[in-house]
Amino acid sequence: MASVLPSAPAPSSRPPASIGPRHIAAADVHESLNEHLLVDGYPLVVDLDKSHGSYLYDAKSGHEYLDFFTFFSSNPIGFNHPRMHSADFSQRLLRAARTRVSNSDVYTSLMAEFVTTLERTAGLPELPYYFFVDGGALAVENAMKAAFDWKRRKNIAAGRSALGEKILHFEHAFHGRSGYTLSVTNTDPVKTDYFPQFIWPRVPSPAISFPFRAHQDEVLAREAACLTAIEDEFDRGRNEIAGILIEPIQSEGGDRHFRSEFLAELRKLADTREALLIFDEVQTGLGSTGRWWASQYHGVTPDLLCFAKKLQVGGLFASRRLDDVEDHVFAKSGRINSTWGGSLTDMVRATQILRIIEDEALLNNARQRGHELHVGLQALELRWPDHLSNARGAGLICAIDLRTPALRDAVIAAAMAEHMLVLACGTTSLRFRPALNVSCVAIAEGLGRLEAALLRTLGRPEPKITNARGGTPAGPRRASDGNVRNLRGRRSRR
Ligand SMILES: Cc1ncc(COP(=O)(O)O)c(C=O)c1O
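Residues numbered from 1 in each chain as written. Predicted model: local features only at pLDDT ≥ 70, side-chain atom pairs only at ≥ 80, totals over all residues.

Draft legend 1. View of the environment of Leu277. Mapped onto the fold, Leu277 is located in strand 9 (residues 276-280). The class of Leu277 is buried, set by 25 C-beta atoms lying within 10 Å. Spatially, the C-alpha atoms of Leu277 and Leu168 are 9.8 Å apart, while their sequence positions differ by 109 residues. Setting aside residues no more than four positions away along its own chain, Leu277 makes contact with Ile244, Leu266, Arg267, Ala270, Pro302 and Asp303. (Helix = DSSP H or I, 4+ residues; strand = E, 2+ residues; numbered from the N terminus. Buried ≥ 20, exposed ≤ 12 C-beta atoms within 10 Å, placed from the backbone. Contact = placed C-beta atoms within 7 Å.)

Have a look at this one:
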């Protein structure tokens, strides 16, 4: 029978001419990107093959940089971990990357493997509902939507006319730059100015000043004032507040730590005032504090927990409190969704990362290396007491303050000259975000390079005045003085 289809061209015996992208040499990368993008990032070009562990290799200069930046705290196990090169993992990664599946509606074994691994490792039994989306801002945005939906349904069921369309949040918060999150982000005005925003209740955030013992009274007074302000907001906007949103450690806003007792008060308020407690763990999550989640570090479980960054996949966990209403967003189709529902490639990478964190006990490593970094920062603070203050740490989330923003920026530039990458936050803070598998050698090296950067910027410290016994007048500060966990008098559950 004659075919009605046009005859297919005979397969060519020659391989097709390469149509791959033209190679762009490292020296030309910035100029090439600059034609279309605002290229205001680092002057580096990362060599993804030569970078290793906590060392980022700059293909432009040939220098290695000690990486305490980790792509804004989103690279959990550094570069080129041997298990990221295993044949099995490489094959699964490639399979997921070849075709981008719409995970919300079409399911794969690879996705199921990710979800079960997540549940087994970092999952919290109290938070059984999961949702995935690309990026941190959309994770927080969807948590807010879950809260709005929950509160409106509660109001309707109780015959109340209140809309429940407000999110109570905190000064110095950073939750992202998407539609709803712009209304709760209030760090650098450059990120929010001239964009439309909702006016939602914003209360002061009672961060700890370190060493805590020296500032205890003022911290407790700030907490009390904040809790009163929250009560007032709930009284004023009766049943309008759907959720209380907080970063358990405010990161971009200045590595501002809260006492566990304060977070526990927020838990109580969310329960008594019929609102959902939302923890934005986009930066604090997946091991940085030495626990999977800062919520475990503090022993306070939220109703909604947002993640992204180190987990590679954005999204949220939710508690059974959502079941108070029928048809909540995890039960009714189409209420929160996106085409891809997160990226399958990211899920496969995340699965491998979760296994590595588990097998290599990297939460433990984060605790130990974080302690070393924290103690080192405290020692530097003692050497330059006129310039450095507020050394603080929770696991690997460590920071220290400089006297002025200009000095802070100068130290970051000097650290770069010492081939070390560190991050700014708040107005005068330096934050450190090493990978979870950072070695003690790299921590010691980081402290050495930081010291060199401080010497470049601040000069030699004044010689210490010693007392008759040869000690410093105040005596050496104990490492535990600035550690938030030691302020709790209680252990976290995981
Ligand atoms: C606490 C917090 N929430 C949300 C975000 C936004 O995440 P993304 O940049 O992935 O949208 C960030 C990013 O730095 C963050 O630190």
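Draft legend 2. Looking closely at the sheet that holds strand 14 (residues 420-421). Read from one edge of the open sheet, three strands run 1-2-14, paired in mixed fashion. The open sheet has two free edges, formed respectively by strand 1 (55-57) and strand 14, since each of these has just one partner strand. As defined by bridge partners, strand 2 (residues 64-67) adjoins strand 14 across two bridges and the pair is classed as parallel. Pairing of Leu66 across the sheet is with Met420, part of strand 14. Together, strand 2 and strand 14 form the strand contacts of helix 12 (residues 440-458), whose direction differs from that of strand 2 by roughly 105°. (Pairing = 2+ DSSP bridges. Axes fitted to C-alpha atoms, helices over the stretch in contact; angles between N-to-C directions.)

Draft legend 3. Layout of the site of the ligand. Close contacts around the ligand come from 15 residues, with Gly136, Ala137, Gly176, Val282 and Gln283 the closest. The element contributing the most residues to the shell around the ligand is helix 5 (residues 136-157), with three residues. For the shell around the ligand, a count of residues per class yields six nonpolar, six polar and three charged. (Near = placed C-beta within 6 Å. Nonpolar A, V, L, I, M, F, W, Y, C, P; charged D, E, K, R; others polar.)

Draft legend 4. Representation of the sheet that holds strand 13 (residues 397-402) in the model. As summarised here, the arrangement of the four strands in space is 12-13-16-15, forming an open sheet in which the pairing is antiparallel. Only two strands of the sheet have a single neighbouring strand rather than two, namely strand 12 (388-394) and strand 15 (423-425). Along the sheet, successive strands turn relative to each other by an average axial angle of 25°, direction set aside. In terms of strand pairing, strand 15 meets strand 16 (residues 429-432) through three bridges, oriented antiparallel. Residue pairing across strands places Ala424 opposite Leu430, the latter belonging to strand 16. The strands touched by helix 10 (residues 362-383) within the sheet are strand 12, strand 13 and strand 16, with strand 12 carrying the most contacts at an inclination of about 170°. Of the strands in this sheet, strand 13, strand 15 and strand 16 are in contact with helix 11 (residues 405-417), which crosses strand 16 at around 35°.

Draft legend 5. Focus on unusual backbone geometry. Geometrically, the link from Phe210 to Pro211 is a cis peptide bond, its omega value of 0° lying close to zero. Within the element layout of this structure, Pro211 appears in the loop between strand 5 (202-203) and helix 6 (212-236). Notably, Glu274 is not glycine yet its phi reads approximately 55°, a positive angle. By C-beta crowding, Glu274 is classed as partly exposed, having 17 other C-beta atoms within 10 Å.

Draft legend 6. Spotlight on the environment of Gln378. Mapped onto the elements, Gln378 comes out in helix 10. C-beta crowding within 10 Å serves as the criterion here: with 24 such atoms nearby, Gln378 is assigned to the buried category. Linking Gln378 and Ala391, residues 13 residues apart in sequence, is a C-alpha distance of 5.6 Å.

Draft legend 7. Structural view of the packing of helix 11 against helix 12. In contact at an axis separation of 8 Å, helix 11 and helix 12 are set at 125° when each is read in the N-to-C sense. Comparing their axes, helix 12 and helix 11 come out oblique. The interaxial crossing formed by helix 11 with helix 12 has right-handed handedness. Across from Leu407, Ala410, Val411, Ala414 and Ala415 in helix 11, the residues of helix 12 making contact are Arg449, Leu450, Ala453, Leu454, Arg456 and Thr457. Grouping the constituent residues of the contact of helix 11 with helix 12 by class yields eight nonpolar, one polar and two charged. (Parallel < 35°, antiparallel > 145°, perpendicular 65-115°, else oblique. Left-handed = near helix turned anticlockwise from the far one by under 90°.)

Draft legend 8. Just the pairing of strand 10 (residues 304-307), in detail. Neither face of strand 10 is open: one carries Leu304 and Cys306, the other Leu305 and Phe307, and all of them are buried. As paired strands, strand 9 and strand 10 are joined by three bridges and run parallel to one another. By the bridge assignment for strand 10, Asp280 is matched with Cys306. A loop of six residues connects strand 10 with strand 11 (residues 314-318), the two strands running antiparallel in sequence, and Lys309 in this loop sits at a positive phi of about 35°.

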